[in-house]
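Listed below, chain by chain, are the residues.
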Amino acid sequence: MCGMPQPPVRSTSTPPARPDASMSLLTNVMDHSLDDGYAEAAERKRAAGDGGLPKTLRAKLGLAAGLVLAALVVTVGAAQARVAAPAMAKEREELVDRIDRETTAADQLEETVDQLRDDVSARQREALKTAGHSDQAELVGILSGAVEVHGPGVKLVVNDAKEASTGSDGDPRGTSGFSDTGRVRDRDMQRVVNGLWESGAEAISINGQRLTALSAIRAAGDAILVDNKPLVPPYTVLAVGDGEQLSARFQDSADGLYLHALQENFGIRTSISAQDDLRLPAAPSVIVRTAQPNTEKTEKGTS
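Presented here is a report on the structure given in the accompanying data block. (Residues numbered from 1 in each chain as written. Predicted model: local features only at pLDDT ≥ 70, side-chain atom pairs only at ≥ 80, totals over all residues. Heavy atoms only, no water.)

1. Brief notes about the overall build of the protein
For step 1, the next point in the chain: Scanning the protein from terminus to terminus reveals 8 helices and 8 strands.
For step 2, the next point in the chain: Buried residues in the protein amount to 23% of all 303 residues.
For step 3, the next point in the chain: Of all intrachain contacts in the protein linking residues separated by at least 6 positions in sequence, the fraction that spans at least 24 positions is 73%.
For step 4, the next point in the chain: On the protein, roughly 21900 Å² of surface is accessible, and the fraction owed to carbon and sulfur atoms is 57%. (Helix = DSSP H or I, 4+ residues; strand = E, 2+ residues; numbered from the N terminus. Buried < 20%, exposed > 50% of the residue type's maximum accessible area, 1.4 Å probe, protein only. Contact = heavy atoms within 4.5 Å. Areas by Shrake-Rupley, 256 points an atom, 1.4 Å probe, with all protein chains shown as cover.)

Here's what the structure looks like:
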């Protein structure tokens, strides 16, 4: 029995260690695939409601949706503009026609007013002529400006400074950068007219506009108005009176010296000369708002 071979004895000890036991990190990477990590990430995205779409794909879809919406808005706006264009053109045409009609009507009314004013002036002059043919009635007509007058007098021309009449558009009122002291103002013409009256003028006109006791010289922007009618430079003032004496008195008066100072200091151009015969038109109309005729003498004469 001693010579019989013995069966191999199983060892109950632990199995021998693997040769790569010292490389545990590499072993763990090799044994555990990254698919588990991807699966966990996908699961988290689904739980968050992302639908599992990649972020770049969601951005592209959002951009495409925005572009489609913008294109839709532009298309709808263009369609509406095409639909509204004929209506707007029609409204504009109707508005232009209305403006033209109103302008024509206003011109006709203005022409009618001028005709009525001329008729009133003619009737006033006729009434003055037939009022007893007295010298007093004629004098009243002259002083009131209701009749045309002629006679010797002075011609006074007042103009803006030379620099004020070199506008690019040729308009003496259209310049810029030039002090308004070089322009003739309404207050300047007021002093000129008052000085002429004080110096003995019997009738005065400015650029053909006859002045009366009710005349007003005002300004509207850069324009000078005489009885609400705009005048443009140069301003030609005609004054009926004793020519030589009227000229001398005016130039020596305070208003004449004021005009001379404007010429010396600001370049305003002036010239004055005596005339043998001046013709002044009648005023358009004389409207008396307060004065009433005195009828006491007439009533006593007829009683």
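So much for the structure itself; the text now carries on.
2. Looking at helix α7 (residues 254-266)
For step 1, the next point in the chain: Between the first and last C-alpha of α7 there are 18 Å, a value that for 13 residues agrees with the 18 Å anticipated at 1.5 Å per step.
For step 2, the next point in the chain: Of all the positions in α7, only Asp255, Gly256, Leu259 and Leu262 are classed as buried. Angular distribution of buried residues about the axis of α7 spans 115°; they occupy a single face of the element. Across from the buried face of α7, at angles greater than 90 degrees, the exposed residues are Ala254, Leu257, Glu264 and Asn265.
For step 3, the next point in the chain: In the stretch just after α7, Gly267 is the one whose phi turns positive, near 80°. (Expected span 1.5 Å × (residues − 1). Arc of directions from axis to C-beta.)

3. Focus on the pairing of strand β1 (residues 149-159)
For step 1, the next point in the chain: Judged by how many residues are buried, β1 sits mostly within the fold: 8 of 11 residues are covered.
For step 2, the next point in the chain: Two elements, β1 and strand β8 (residues 269-280), share 10 bridges in a ladder whose sense is antiparallel. Along β8, the bridge assignment pairs Val149 with Leu280.
For step 3, the next point in the chain: As paired elements, β1 and strand β7 (residues 235-240) share 6 bridges and run antiparallel to each other. Following the sheet pairing, Val154 is matched in β7 by Ala239. (Pairing = 2+ DSSP bridges.)

4. Observations regarding the sheet that holds β1
For step 1, the next point in the chain: Pairing within the open sheet is antiparallel, and its 5 strands lie in the order β3-β2-β7-β1-β8. Because the sheet does not close on itself, it has two edges, and the strands there are β3 (209-210) and β8.
For step 2, the next point in the chain: As paired elements, strand β2 (residues 203-206) and β3 share 2 bridges and run antiparallel to each other. Bridge pairing in β3 links Ser205 to Arg210.
For step 3, the next point in the chain: Set on the sheet, helix α5 (residues 186-198) makes contact with β1, β2 and β7; between it and β2 the angle comes to about 160°. (Axes fitted to C-alpha atoms, helices over the stretch in contact; angles between N-to-C directions.)

5. Some thoughts on a nonpolar patch on the surface
For step 1, the next point in the chain: Together, Leu69, Leu72, Val73 and Val76 line one region of the surface with nonpolar side chains, adding up to about 370 Å² of accessible area.
For step 2, the next point in the chain: Overall, the relative accessible area of 54% leaves Val73 in the exposed class. (Patch = residues over 30% accessible without salt bridge, like charges linked within 9 Å, V, L, I, M, F, W, Y side chains within 5 Å. Salt bridge = Lys/Arg side-chain N within 4 Å of Asp/Glu carboxyl O.)

6. A few points about the nonpolar core
For step 1, the next point in the chain: Within the largest apolar cluster, 24 residues are counted, with the highest numbers of intra-cluster contacts made by Met189, Leu196, Ile204 and Ile206.
For step 2, the next point in the chain: Of all elements in the fold, only β1, α5, β2, β5 (223-226), β7, α6 (243-252) and α7 reach the threshold of two or more residues within this core.
For step 3, the next point in the chain: For this core, the element with the most residues is α5, which contributes 4 residues.
For step 4, the next point in the chain: Those residues in contact with Ile204, other than ones at most four positions away along the chain, are Val193, Leu196, Trp197, Gln209, Arg210, Leu211, Val237, Leu238, Ala239 and Leu280.
For step 5, the next point in the chain: Membership of the second largest hydrophobic core comes to 7 residues, among which are Val147, Val149, Ala203 and Val240. (Core = buried A, V, L, I, M, F, W, Y, C linked by side-chain atoms within 4.5 Å.)

7. Digging into α6
For step 1, the next point in the chain: Buried residues of α6: Gly243, Leu246, Ser247 and Phe250, and no others. Buried residues of α6, viewed axially, fall in a sector of 100°; they line one side. Those residues of α6 that are exposed and angled more than 90 degrees off the buried face are Glu244 and Asp252.
For step 2, the next point in the chain: Structurally, α6 contributes buried residues whose contacts are with β1, α5, β7, α7 and β8.

8. Focus on a negative patch on the surface
For step 1, the next point in the chain: Residues Glu91, Glu93, Glu94, Asp97 and Asp100 make up a contiguous surface patch of negative charge.
For step 2, the next point in the chain: If you trace the backbone, Asp100 turns up in helix α3 (residues 55-129).
For step 3, the next point in the chain: Judged by its relative accessible area of 44%, Asp100 falls in the partly exposed class. (Lys, Arg positive; Asp, Glu negative; His and termini not counted. Charge placed at Lys NZ, Arg CZ, Asp CG, Glu CD.)

9. Focus: the packing of α6 against α7
For step 1, the next point in the chain: Relative orientation of the contacting elements α6 and α7 amounts to 70°, with a least axis distance of 4 Å. Accordingly, the angle class assigned to the pair α6 and α7 is roughly perpendicular. Across the interface between the two elements, Phe250, Gln251 and Asp252 of α6 pack against Ala254, Asp255, Gly256, Leu257 and Leu259 of α7.
For step 2, the next point in the chain: A class-by-class count of the residues in the contact of α6 with α7 yields 4 nonpolar, 2 polar and 2 charged. (Parallel < 35°, antiparallel > 145°, perpendicular 65-115°, else oblique. Nonpolar A, V, L, I, M, F, W, Y, C, P; charged D, E, K, R; others polar.)

10. A word on the packing of α5 against α7
For step 1, the next point in the chain: It is at 8 Å that the axes of α5 and α7 come closest, and there the two elements cross at 145°. Seen along the crossing, α5 lies across α7 with a hand that is left-handed. Residues Asp188, Arg191, Val192, Asn194, Gly195 and Glu198 of α5 form the contact with α7, whose own contacting residues are Ala254, Asp255, Tyr258, Leu259 and Leu262.
For step 2, the next point in the chain: Counted by class, the contact of α5 with α7 contains 5 nonpolar, 2 polar and 4 charged residues. (Left-handed = near helix turned anticlockwise from the far one by under 90°.)

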